[in-house]
Every structure is written in structure tokens, then in C-alpha cells.
Amino acid sequence: MEHGSVTDSTSSTFSIMEEDHTLANSVRFVLNQDPRVAFCGYSIPHPADKKVNIRVQTTGDPAKDVMKDALQDLMVMGQHVRGTFDKAVADFKSNMPAEQMDVDSNHQ
Amino acid sequence: MARQGYVIVDYSDDFSDTVDDDSDAEDARRRCHLTLAPRRDGSGVGASSSHRLLFFDLPSSLNTPAACLQPRSEREVRQGSIPKKDPESSMDIDDAPAQPRNKLPDHLELQRTRVVCKADAPTHTEGFQYSGAFAAMGVDNSVSVEKFCTDFKIKINRLTEDDMEFDMIGVDASIANAFRRILIAEVPTMAIEKVLMVDNTSVIADEVLSHRLGLIPLDADPRLFDYISNDTPSERNTIVYKLHVSCAKGSQRLTVKSGQLEWLPEGSQLTIASPAQPGEKPKTYTSFGQSQKKMSERPLGVKYEDITIARLGPGQAIELEAHAVKGVGKVHAKWSPVATAWYRMLPEVVLLKEFTDGDAEQLVKKCPVNVFDIEELGNGKKRAVVAKPRACTLCRECIKVAADKVKVTKAKVDDKDKADGKVDEGKAEVDDVEVEPQIELRRVRDHFIFTIESTGALPPEVLFKEAVKILEEKCERVISELS
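Being a predicted model, the structure only gives us computed values, none of them experimental.

Participant: Describe the UniProt feature "domain: DNA-directed RNA polymerase RBP11-like dimerisation" (unreviewed entry) in chain A, and please don't skip the residues or the numbers.
Facilitator: The feature "domain: DNA-directed RNA polymerase RBP11-like dimerisation" (unreviewed entry), as given by UniProt, occupies residues 12-82 of chain A in the numbering adopted here. Overall, residues 12-82 of chain A shows 45% helix and 30% strand. The separation of its end C-alpha atoms is 32 Å.

Participant: Which residues make up the nonpolar core, and what values do they have?
Facilitator: Formed by 61 residues in total, the largest nonpolar core has its most connected members in Leu-31 and Met-67 of chain A together with Ile-156, Phe-166, Met-168, Leu-183 and Phe-464 of chain B. Looking at this core element by element, the count peaks at 13 residues for helix 2 (residues 63-95) of chain A. In this view, Leu-31 of chain A contacts Val-37, Cys-40, Ile-54, Val-56, Val-66, Met-67 and Ala-70 of chain A; residues no more than four positions away in its chain are not counted. In terms of nonpolar packing, the next biggest core, distinct from the first, is built from 27 residues, Ile-192, Ile-204, Ile-216 and Ala-324 of chain B among them.

Participant: Pulling in residues and values, what's your account of the sheet that holds strand 9 (residues 239-246) of chain B?
Facilitator: Residue and element names in this part refer to chain B. With antiparallel pairing, four strands are arranged side by side in an open sheet as 8-15-9-11. Bordering the open sheet on either side are strand 8 (189-200) and strand 11 (262-263), each of which pairs with just one other strand. When strand 9 meets strand 11, the two strands line up antiparallel, connected through two bridges. Each residue of the ladder has a partner; that of Tyr-241, found in strand 11, is Trp-263. Of the strands in this sheet, strand 8 and strand 15 (317-327) are in contact with helix 7 (residues 206-214), which crosses strand 8 at around 150°.

Participant: Describe the packing of helix 6 (residues 173-185) of chain B against helix 11 (residues 460-482) of chain B, and please don't skip the residues or the numbers.
Facilitator: Between two packed helices, the angle of one axis relative to the other and the distance separating the axes together describe the packing. Residues and elements named next belong to chain B. Two numbers describe how helix 6 lies on helix 11: the axes approach to 9 Å, and their chain directions differ by 105°. When the interaxial angle is binned, helix 6 and helix 11 end up roughly perpendicular. Within the contact between the two elements, helix 6 uses Ala-178, Phe-179, Ile-182 and Leu-183 and helix 11 uses Leu-463, Phe-464, Ala-467, Val-468, Ile-470, Leu-471 and Lys-474. Broken down by class, the residue content of the contact of helix 6 with helix 11 amounts to 10 nonpolar, no polar and one charged.

Participant: Please give an account of empty space enclosed by the protein that cites residues and values.
Facilitator: Summed over the entire model, instances satisfying the criterion amount to six cavities of 30 Å³ or more. Within this model, the second largest cavity holds a volume of roughly 80 Å³. Classifying every residue of the lining of the second largest cavity gives 11 nonpolar, one polar and two charged.

Participant: Any chance you could break down the environment of Glu-280 of chain B for me, citing the residues and the numbers?
Facilitator: All names here are of chain B. With respect to the secondary-structure elements, Glu-280 resides in the loop between strand 12 (271-273) and strand 13 (283-284). Given the relative accessible area of 45%, Glu-280 is considered partly exposed. Taking the C-alpha atoms as reference, Glu-280 lies 83 Å from Pro-105; in sequence the two are 175 residues apart.

Participant: Kindly report on helix 7 of chain B, identifying the contributing residues and their values.
Facilitator: All names here are of chain B. Leu-209, Leu-213 and Gly-214 are the residues of helix 7 that are buried. On an axial view of helix 7, the arc spanned by its buried residues comes to 140°, and they lie on one face. As for helix 7, its buried residues are in contact with strand 8, strand 14 (308-312) and strand 15.

Calculation notes
Residues numbered from 1 in each chain as written. Chains lettered and ligands numbered in written order. Predicted model: local features only at pLDDT ≥ 70, side-chain atom pairs only at ≥ 80, totals over all residues. Heavy atoms only, no water. UniProt positions renumbered as here; feature names shortened; annotations may be inferred. Helix = DSSP H or I, 4+ residues; strand = E, 2+ residues; numbered from the N terminus. Core = buried A, V, L, I, M, F, W, Y, C linked by side-chain atoms within 4.5 Å. Buried < 20%, exposed > 50% of the residue type's maximum accessible area, 1.4 Å probe, protein only. Contact = heavy atoms within 4.5 Å. Pairing = 2+ DSSP bridges. Axes fitted to C-alpha atoms, helices over the stretch in contact; angles between N-to-C directions. Parallel < 35°, antiparallel > 145°, perpendicular 65-115°, else oblique. Nonpolar A, V, L, I, M, F, W, Y, C, P; charged D, E, K, R; others polar. 1 Å grid on protein atoms, 1.4 Å probe; cavity = no way out; pocket = protein on both sides within 12 Å on 5 of 7 lines; lining within 4 Å. Points joined across faces, edges and corners; volume = space filled by probe spheres on them. Arc of directions from axis to C-beta.

Quick look at the structure:
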């Protein structure tokens, strides 16, 4: 849910249910790296509520668009992390010396 | 495409003296010392009163922060007009020693990329996240996804069936922490949630026994199962185990192990009601449409068969049926797929001065994890080198070595002074000497040594990929909610 003003789209608070520091802190990081963002922060109003408020103030672009771009960027970063990780695991497995490998695992 | 921007203009320069054929915006931008300030209409953070805000359109060539944050001098040299400098504007970046473009001075670069661990506490732990943190110095601190993708690296150090360690380089702590939190609390597994107790005459109470059963790691891939949404257990969301053990009268005490849990691929065997018509299957606590045997190559047993569940005395018995369902660690730790998932930043040990001969040996001896080693210099001299910084636990013993050494020297000098009769009593009593540091312990801010220990349901490399996928799903959900 977005809390913003009708006249000024450059600053908004996004209230996200069922999320915590995991998403909010990552998104805050990505938003802070965006040159269009003037201010960004998040809070969890009550530790018993499953809810975070993410505040975004921009230098001119609509806050909602900037927020969506940040989430999109985070997704792209995740895809890249998975790709890099897959490659690293494949490299590691192919370079592993033969004696370390469990060659009998299929003949138990 | 033009893009709107805001600048803080320093009016300390005289505007009128260099008006030439440039347009107003060009002229204004040339004089800007800071860029990208928040709006002053009340919604943003207020700018300081000594500055005025100017509003203009940036030409597309200056769209990137790096371009619009160039040091003023370079642009002016290119344009061939150097305005008169006001001697009073001491904060002018032109007065700073010449820095290569887009490079921070060394001390700031250190603060940005390292956490320095001093004798009492670490400093600069927060880092600089804001993209415009160094705007005034003409350095762009923003990170684009493209830059992240080129800088990001992963190197596997260890990978076994149930644990792994890898280096994750070029990522912020907030992202690394998100992966860690998801691994612990949000990657699903299967665990025993419901126990139907038929008979329990052992000394261990029903609820304690059920709790112990819940914590047993199951060798079942959670990706094959759905969450149990309503209360109809089926082959898609429930795994059923049976435990029926008894200790005969007059025999030895018996230990019940997790391996004695028997998987029931056809579902529950406990009947709720007898069949309405003879020949029909009796109604049980689960309604399996088909056998689970086809779902997985391996039987859906327990991961470790030697976990003690209970001990039975002569004449005692346990008969129960346990139903395992899919869940996540934030609901109950029994669903957490990892024993531990943790990371640490890469330690960096820097010798600020050379340690030779005796000093070197003393330093090597002091370090409990053998970070330092001795290098022979050839002419019989020895020198301490940092051989294994990765092993550093930040115990700070080496910092103490350096400090102790200076204290000893100081004490000797004081003794000599006393003997010579040149003693200054007040000075001699000071034993806490301000010491110039000789070793610096640092941590590399964007280099994480990540360790995952799986409980067995999924191998650790699969767990990590699942965790990243979950973060992506979270983003996707919020994007669709905002659209």
C-alpha cells in the first residue's frame, strides 16, 4: 500500500505487509544507490506487526516508479547472483581432485 | 532527453564578471559546487540557508551523475574560460589538492571500503550507502545494476554433502544479510507437525515426545510438496510415519532411535470410522489419492537413523503416527533447513611499520591463530609478514604486542632518567602511554565469507539458490502489489 500525497508524487511511504528487515533493508540499500533518490529509510512500527514502512523521497521522479525500479534491480541482482553461484559451483566440482569425490555414492 | 535536476548554487562567486556567450543554464551549472539537493518545498530535507536552490533541465549529455559531478576546473579548462576565484570560498573543491577524477582521497576510500578494528572498538562500521555521499568532491557513489554485475564474484572454498563455505565479493551487507535471514527463516522444509498418539507408556510425556519427533531432520525434498492449506492431508502435502516399539517384560531397557520411524507411503493406517459398505477402504486420517513411492527416487525416510527418541523400560511401549508437513523456519525452528548460516567479513592485517628479528619473532609467537610468518631477508635478517590474514579472529593480541613494546621502552627511559637524577615524578608515574599504532586490523566491507551448514533435506548449494529465488519472489510480489 502506498501512502503519498495527491499533489506531490515525489515522496511516498510504502507500507508492505508480511515483510521484514530481509526485504526492507535490501530495498533501502538499492534505493540509496539510485541517484534519483534524495532520501530513503524504513521502519517497523511495532515488532509484533508483520509490516514495514519504506519512505522514499526523490529529486523529481514519482516515488512509486523509483521504488518499482529498485525492486526490479534487486530481482536482476538476484538472478545474477544465482547465475554466478551456479558457475562457481560447477567450476568447483570440475576442479575437485578425484580422491575427494565420493565415487561410491552410486554403488551403495 | 532532458532530465530535471536541482543544484545548490554557491553565490560566493561573483555572477557578473564572466558572462559570455554561454546560456544561462550552462553558466549556472559551471558554477555549481554541489548537486542533487532535496527539494525545499517542505517535503524534503531543507537545504542550508547559505545556499540557494536553482532549478533547471540537465542536457542529456549530463544525465549521469558522474558527468554532472565532474570537478569544475576540468570543465572550465575544456571550455577555455577560467572565472576569477573568490579567495574567501575556502570550501571550493578547486582549492583541494588535485585528485584524479572519480577517485576518493585515500582516507575516505579506506572508510568506504574497510571497517578498521581499533583496540577498543571497530570504526566506520556503517559505510556510505547514499549515492550522493561524495557529490561535493565530484565522486559518484551510486551503483548501477550493470556495475554490480561486473564486480560481483563468488568463489567456493569448500563444498561437501551438508556444508559449504564460499566467498561472496562485491555485495553489500544488507543483501548478504537478506540471504542469511532467508536461509534460516524462509526456505521451506518438511518436519513432523502432528503426532497421533495411540499408546505411550514410556516415562517421556506425549508433548515432549512429539516435540522431539518434530526436530528430527527428514530426508524429503520440500519442493515436491505443497503447503497444507486446509485440513485435508493428501499425498501432495503430508508424509506419514509410524512408530511402534515395545519393550518386553523382563528384558533390558530399550533405546528408540529415529531409524525406527517407518515411512507409510500409502498414508495413515489409523481409521476414523469403519467402512460404510464392506469391501470399501476404511476412512483414515489422511486421504491419499496415490502412493508416494513414485514421487521420489529415495524413500522419504529420516536423514539420520541414530537419533535417540526415547528409552523404554520393561513393559513400556510407544505406538504413534507422525504426520510431517511443509513449513518455514520463522514459524518454528524445526522447519529451518540450516543448522547455521553465517558470514564474516574478510579480515585484513596491515603492518604499518616493519617488524624485524626479535620483534618479528615476538609478533609471530603472540598470534594464537598464526596469522604472521617470518620471511628470511638473505643477509641473516628476518622480517614478519602477514601470511594468513583469513585466520585472524580479531583477538587484538598483536595490537597489544605493539602497545606493550612501547610501554616497556618508555619504562626503561624513565628508569634511566631516575638514575640520572633527571626525574620528573609526575611524568614517571604515567604508565598509560599514548601509542602510535603499528598494526592495523581491518575488514573488507564488501567481501563476505559465507558458510552454510545444511540439516540434510537439501544440499547447501541448492539451499542458497532457493534463498536467492525467495528474495526475487518477494520483490515480484511487491511490484505486482504496486502496479
